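# Notes for the structure review
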Amino acid sequence: QVQLVESGGGLVQPGGSLRLSCAASGFAFSSYAMSWYHQTPGKQRELVAAITRDGSTTYSDSMKGRFTISRDNAKNTVYLQMNSLKSEDTAVYYCNAARFWGPRGGYGNNYWGQGTQVTVSS
């Protein structure tokens, strides 16, 4: 019943842009903090950006100024606008929903999407 479906990934050139979308269903979207993480082989999943239910945002330092997270509660969708993409941004990007958000990330009824591949290459 709970479902997070990411879309919008693909292959882009360095300096390009992508907008990822995560469509949520099966839970009270507007009551949850939403976030994006990414992961490359051999590394831990890393926070990219988060947005609380009241719209407060948090960004990883390496993404700050280039990426923007937003949410549309009417559409049960969270977005990640990615600009000035670098090869180092290549990863699988995962959507996350959590009941609460704290310094170490989300907790409480923590849900994950299946991930979408982003590849930045010339």
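Residues numbered from 1 in each chain as written. Predicted model: local features only at pLDDT ≥ 70, side-chain atom pairs only at ≥ 80, totals over all residues. Heavy atoms only, no water.

### Some details on the overall build of the protein chain
Across its full length, the protein chain holds zero helices and 13 strands. Written out in order from the N terminus, the α and β elements of the protein chain read β-β-β-β-β-β-β-β-β-β-β-β-β. Against the 2.2 N^0.38 benchmark of 14 Å for 122 residues, the protein chain shows a C-alpha radius of gyration of 13 Å, consistent with a compact globule. Taking all 122 residues of the protein chain together, the buried fraction comes to 43%. At a minimum sequence separation of 6, the contacts of the protein chain that also span at least 24 residues come to 56%. Put simply, the protein chain shows about 6400 Å² of open surface, and 45% of that area lies on carbon and sulfur atoms. With 11 positive and 7 negative side-chain charges, the protein chain shows a spacing of 4 Å between the two charge centroids. (Helix = DSSP H or I, 4+ residues; strand = E, 2+ residues; numbered from the N terminus. Rg over C-alpha atoms; globule rule 2.2 N^0.38 Å. Buried < 20%, exposed > 50% of the residue type's maximum accessible area, 1.4 Å probe, protein only. Contact = heavy atoms within 4.5 Å. Areas by Shrake-Rupley, 256 points an atom, 1.4 Å probe, with all protein chains shown as cover. Lys, Arg positive; Asp, Glu negative; His and termini not counted. Charge placed at Lys NZ, Arg CZ, Asp CG, Glu CD.)

### Some words on the state of the cysteines
What the rule picks out here adds up to one disulfide. With its sulfur 2.1 Å from that of its partner, cysteine 22 forms a disulfide with cysteine 95. Looking down the S-S bond of the cysteine 22 and cysteine 95 bridge, the torsion is -85°, so its handedness is left-handed. Highlighted residues: cysteine 22 in strand 3 (residues 18-25) and cysteine 95 in strand 9 (residues 91-98), separated in sequence by 73 residues. (Disulfide = S-S within 2.5 Å.)

### A short note on the packing of aromatic side chains
All chains considered together, the criterion is met by six aromatic pairs. Between phenylalanine 27 and tyrosine 32, the ring centres sit 4.8 Å apart and the planes meet at 65°, which makes this aromatic pair edge-to-face. Grouping residues by exposure puts phenylalanine 27 and tyrosine 32 together as buried. Centroid distance phenylalanine 27 to tyrosine 111: 5.4 Å. Interplanar angle 45°. Geometry classified as tilted. Taken together, the residues phenylalanine 27 in the loop between strand 3 and strand 4 (33-39) and tyrosine 111 in strand 12 (residues 111-112) connect sequence positions 84 residues apart. Put simply, the rings of Phe27, Phe29, Tyr32 and Tyr111 touch in pairs and so form one group of aromatic residues. When the ring centre of tryptophan 112 is taken as origin, the NZ or CZ atom of arginine 45, which lies over that ring, is 4.6 Å away. (Phe/Tyr/Trp six-rings, centres within 6.5 Å; stacked < 30°, edge-to-face > 60°. Lys NZ or Arg CZ within 6 Å of the ring centre and 35° of its normal.)

### What about the sheet that holds strand 3?
Sheet architecture is open: four strands sit in the order 1-3-8-7, paired in antiparallel fashion. Of all strands in the sheet, those bounded by a partner on one side alone are strand 1 (3-7) and strand 7 (67-72). Strand-to-strand twist in this sheet, taken as the mean axis angle between neighbours without regard to direction, amounts to 15°. Two strands pair when backbone bridges link them, and strand 7 and strand 8 (residues 77-82) are joined in this way by six bridges, in the antiparallel orientation. Opposite arginine 71, over in strand 8, you have valine 78 as the bridge partner. (Pairing = 2+ DSSP bridges. Axes fitted to C-alpha atoms, helices over the stretch in contact; angles between N-to-C directions.)

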